[in-house]
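Results of the structural survey
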Amino acid sequence: QVQLVESGGGLVQAGGSLRLSCATSRSIFSFNAMAWYRQAPGKQREAVADITSGVTNYADSVKGRFTISRDNAKNTLYLQMNSLKPEDTAVYYCYAAATGHGSRSVYWGQGTQVTVSS
């Protein structure tokens, strides 16, 4: 059983910062890729940032403002969000994928709400 638990969401003013955490129930070395997604009301879920084989990728909308990182000792993935904008308001989800034996397993957290006020 794999469990991903997000935390750190909340209400913040525009221009402020917030750090999201994703605690995993097993070593993050078990995953080929980990990522943060978000979904705003009325919009599709979109990838915000991911880290795969040591390489990070960011959506254009968050480049220069968000940073994805991990703490292997704590089995935790982070998303540091700076210079937040109202359009960043969404439910943020932790994602992890593992590939092996000809199949790919995908895991999702329950999500954490981020609200950025004007």
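Located above this text is the structure these notes cover.
The following refers to the structure shown. (Residues numbered from 1 in each chain as written. Predicted model: local features only at pLDDT ≥ 70, side-chain atom pairs only at ≥ 80, totals over all residues. Heavy atoms only, no water.)

Attention now moves to the environment of Glu-87. Along the chain, the position of Glu-87 falls in the loop between β8 (76–81) and β9 (90–100). Each C-alpha atom, one on Glu-87 and one on Ser-61, is 9.5 Å from the other, the two residues being 26 residues apart in sequence. (Helix = DSSP H or I, 4+ residues; strand = E, 2+ residues; numbered from the N terminus.)

Ranked by internal contacts, the top residues of the largest apolar core, which has 29 residues, are Trp-36, Leu-79, Met-81 and Tyr-92. Those elements that provide at least two residues to this core are β3 (18–24), β4 (33–39), β5 (46–52), β7 (66–71), β8, β9 and β11 (112–117). Residue contributions to this core peak at five residues, all from β9. The contact partners of Leu-79, leaving out residues within four places of it in the chain, are Leu-18, Arg-19, Leu-20, Trp-36, Val-48, Ala-49, Phe-66, Thr-67, Ile-68 and Tyr-92. (Core = buried A, V, L, I, M, F, W, Y, C linked by side-chain atoms within 4.5 Å. Buried < 20%, exposed > 50% of the residue type's maximum accessible area, 1.4 Å probe, protein only. Contact = heavy atoms within 4.5 Å.)

Our focus in this paragraph is the state of the cysteines. Evaluated as defined, the whole model comprises one disulfide. Through a disulfide, Cys-22 is tied to Cys-94; the S-S separation comes to 2.0 Å. Between Cys-22 and Cys-94 the sulfur-sulfur dihedral comes to about -85°; the bridge is accordingly left-handed. Separated by 72 residues along the polypeptide, Cys-22 in strand β3 and Cys-94 in strand β9 bring together distant segments of the chain. The class for Cys-22 is buried, based on a relative accessible area of 0%. (Disulfide = S-S within 2.5 Å.)

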